[in-house]
Amino acid sequence: MQRPIWSGAISFGLVNVPVKLYNAVRKRTVSFHQLRAKDGCRIRLKKVCPADGAEVPAENIVKGYEISPDRYVTVSAEELQTLYPQANRSIEIEDFVLLEEIDPLYFEQSYYLLPDKGAAKSYKLLMTAMRDTGRVAVARFVLRNKEYLAALRPAGLALSLATMHFADEVIPQEELEGLPGEETAPTDRELAMAGQLIESLTAKFDPNKYRNEYYRRVMDLIERKAEGQKIVARPAAEEGAKVIDLMAALEASLAAVKKKPPVKERRKRASAR
Amino acid sequence: MPAKTFVRIADQELALSNLDKIFYPATGFTKGQMIDYYTRIAPALLPHLAGRPVTLKRYPDGASDDFFYQKECPSHRPDWVPTAPVWSESNSRNINFCLLADTPALVWAANLAALELHTSLSLAVAVATPTMMVFDLDPGPPATVVDCTRVALWLKEVFDHYGLVSLPKTSGSKGLQVYVPLNTPTDYDHTKAFARALAQLLEKRHPDEVVSRMTKALRTGKVLVDWSQNDEHKTTVCVYSLRARPRPTVSTPVTWEEVSAAWEKRDAAALTFEAGDVLNRVERQGDLFAPVLALKQQLPSL
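Keep in mind that what you see is a predicted model, and the values were worked out from it rather than measured. Residue positions within a chain follow its written sequence, with the count starting from 1. All chains are assigned letters beginning at A, and all ligands numbers beginning at 1, according to the order in which they are written. Since the coordinates come from a predicted model, pLDDT governs what is reported: local features require at least 70, and pairs of side-chain atoms require 80 or more to be given and counted, while whole-chain, interface and lining totals use all residues. Neither water nor hydrogens contribute to the side-chain values; these are computed over all heavy atoms in the structure.

Undergrad: Hey, could you run me through the sheet that holds strand β12 (residues 176-181) of chain B in this one?
TA: Through backbone hydrogen bonds, the strands of a sheet pair up, either in parallel or in antiparallel fashion. Residue and element names in this part refer to chain B. Taken in spatial order, the five strands line up as β11-β12-β10-β14-β13 in an open sheet, and their pairing is mixed. Each of the sheet's edge strands pairs with one partner strand only, and the pair in question is β11 (167-170) and β13 (210-211). Only strands joined by at least two bridges in the DSSP assignment are considered to pair. Labels follow the DSSP assignment, with helices taken as runs of H or I lasting at least four residues and strands as runs of E lasting at least two, numbered in each case from the N terminus. In the sheet, strand β10 (residues 132-139) pairs with β12 via six bridges, with the strands oriented antiparallel. Of the residues in β12, the one forming a bridge with valine 134 is tyrosine 179. Any two residues having at least one pair of non-hydrogen atoms within 4.5 Å are treated as being in contact. All axes are obtained by fitting lines to C-alpha atoms, using only the stretch in contact for helices, and the reported angles, taken between N-to-C directions, cover 0 to 180 degrees. The sheet contacts of helix α3 (residues 145-161) involve β10, β12, β13 and β14 (223-226), and relative to β10 the element is tilted by about 150°.

Undergrad: Sorry, what's going on with the side chain of Gln70(B) here?
TA: All names here are of chain B. For glutamine 70, the location among the structural elements is in strand β6 (residues 68-70). In this scheme, a residue with accessible area under 20% of its type's maximum is buried, one over 50% is exposed, and one in between is partly exposed, where area comes from a 1.4 Å probe on protein chains only. A relative accessible area of 16% means that glutamine 70 is categorised as buried. There is a polar contact of 3.4 Å between the side chain of glutamine 70 and the backbone oxygen of glutamate 72. Every residue in contact with glutamine 70, bar those within four places of it in the chain, is listed here: Val54, Thr55, Leu56 and Arg58. Definition of a polar contact: a pair of N or O atoms within 3.5 Å, with one able to donate and the other able to accept a hydrogen when the atoms are protein atoms, and with sequence-neighbouring residues admitted only if both atoms are side-chain atoms.

Undergrad: Honestly, the nonpolar core in this entry has me stumped. Any pointers?
TA: The nonpolar side chains of soluble globular proteins are, as a tendency, buried together. Grouping buried Ala, Val, Leu, Ile, Met, Phe, Trp, Tyr and Cys residues that are joined through side-chain atoms within 4.5 Å yields what is termed a nonpolar core. Counting 94 residues, the largest nonpolar core has Tyr37(B), Tyr38(B), Leu100(B), Leu117(B), Phe135(B), Leu137(B) and Leu242(B) as the members making the most contacts within it. Setting aside residues no more than four positions away along its own chain, Leu242(B) makes contact with Tyr24(B), Phe29(B), Met34(B), Tyr37(B), Tyr38(B), Leu115(B), Glu116(B), Pro248(B), Thr249(B), Val250(B) and Ala275(B). Counting 24 residues, the second-largest nonpolar core is a separate cluster that includes Ile91(A), Leu113(A), Tyr148(A) and Ala158(A).

Undergrad: Any chance you could explain the packing of α3(B) against helix α5 (residues 256-264) of chain B here in plain terms?
TA: What describes two packed helices is the angle between their axes and the distance between those same axes. Residue and element names in this part refer to chain B. Across the interface, α3 lies against α5 with an axial gap of 8 Å and an inter-helix angle of 130°. Classed by the angle they form, the pair α3 and α5 counts as oblique. Between α3 and α5 the crossing geometry is left-handed. Counted together, Val146, Thr149, Arg150, Ala152, Leu153 and Lys156 of α3 and Trp256, Val259, Ser260, Ala262 and Trp263 of α5 form the full contact between these two elements. Classification used: nonpolar for Ala, Val, Leu, Ile, Met, Phe, Trp, Tyr, Cys and Pro, charged for Asp, Glu, Lys and Arg, polar for all others including Gly. Within the contact of α3 with α5, the residues separate by chemical class into seven nonpolar, two polar and two charged. Orientation categories follow fixed angle ranges, with anything under 35 degrees roughly parallel, anything over 145 roughly antiparallel, 65 to 115 roughly perpendicular, and all other angles oblique. Should the near helix be turned counterclockwise from the far one by less than a right angle, the crossing is left-handed, whereas a clockwise turn marks it as right-handed.

Undergrad: What is the right way to look at empty space enclosed by the protein in this model?
TA: Space left empty within the atom packing is revealed by a probe, the size of a water molecule, rolled over the atoms. Residue and element names in this part refer to chain B. The method works on a 1 Å grid over the protein atoms by themselves. A cavity is a set of points holding a 1.4 Å probe that cannot get out, a pocket is an open set with protein on both sides within 12 Å along at least five of seven lines, and residues with an atom within 4 Å of a point line them. Grid points are joined across faces, edges and corners, and a volume is the space filled by probe spheres set on the points. All chains considered together, the criterion is met by three cavities of 30 Å³ or more. Taken as a whole, the largest cavity encloses approximately 100 Å³ of empty space. Lining the largest cavity we find 14 residues, and of these Thr119, Met132, Tyr179, Cys238 and Val239 sit closest to its centre. Here the lining of the largest cavity is composed, by residue class, of eight nonpolar, four polar and two charged.

Function-wise, these values are silent; they only describe arrangement.
Now the structure itself:
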């Protein structure tokens, strides 16, 4: 079961919809621990001062911002706390916009919003209205002491929330070198050909078509190692299902060979015809 | 200073060391006897080593002591021992394998205490093309080589159906191996998938006798049909290689008649050959494994 990572309310105008926030994405990454090679002792990292080698306990560590090489302004946790955005536990909708107006570059992390107790009806109402008008809500909210811009939209049976980059975080294209200029304008004929090529490769987007092969291979390796098996440098190329099919094909092929009359007999029959 | 003995083999002079060192304590078989074996088996063995990357399994203190695998040909090799670079994905670099092309090179490797020679199923010039397919039949105790003989005969039956020649050899250790000569264009995806499917089919037909997965717990009393040796990155013990066992046993080619007879009589000893036995056999019968290098065959398309 998924556990909520935040709870609060969507608010716009006078309407308030209590909701809970859940992760919408489970990253398939493999994390390893660091061990000493010879005996598997788990490595612990110590925070030390390189000048005297002494370990520095957490209570003696402050944050420092490097203003010039080796010169720092220090900031305490208390000082930072006074600056935190007010955690008002609300997702404040500021505008409703069309989804296609938001460049996907802006999207950061995806979450699901689910209705909290007693809010199912107003939640459903908001979601249905957004779907009918084809609009996406742009909102602000505070999560873990940080203010986020977010886009809310219906996704399947639930509302989804995607945190968004602020405009000044997206690198302006004026900073890019090598953008194509006027001189590279394609001819109509070239465009027609490129259009045909795209047409021929056009498909419906199916996320299940694309697999994270690296993750699968790493986990496969780990599972086999855990079972104490010999590890090969490269896992078998075949999927499990495909191999079963090949076995069935082999079985069928053998059965067919068995039934076939000897070559001599077949020749005789052929010549008799 | 360890005692050195200088010998001249073909045109090369070699310094051999510790010839009196006992390599097999159970029988007193010495390093000198081991080098003598490799010298005398060379005419049969060398064609099977020719052009193939070889991994040296070295036992500096004899068969019952520590060993290490050496893929990278030692840098102190004589300049007349050629090497072949083979790309290693896991190391992200070329590994220069030794090529043991003649008797002096073989004796040089034997003097490094390379008791066991493990070769690729490919030639170094075409590492992605296996020239043979192999099934390594490994008995999970209390199963023995006798149980392997029956599984080998089941494999043979399948290949007979397809009109393909297959050849058995002892592993020289506990099991048997069945080879299918190919020597035609193919790749490991193909041979491995076929081998795996066949192993699974045998497991399905004979669930009490055969297992196709490596998991140790599944193997008790059954024969593992190890299909996974059909891999570009793996090596399998070469025919005529000694094995590091209590006695100087050898991976020995046998006839199917011998395999059948061992099964009928439940006779494991009939499939155990030591260095001396193997020299006698080769003198009488020649190289039973020659077809593995010569016969051109293709796996059936399914």
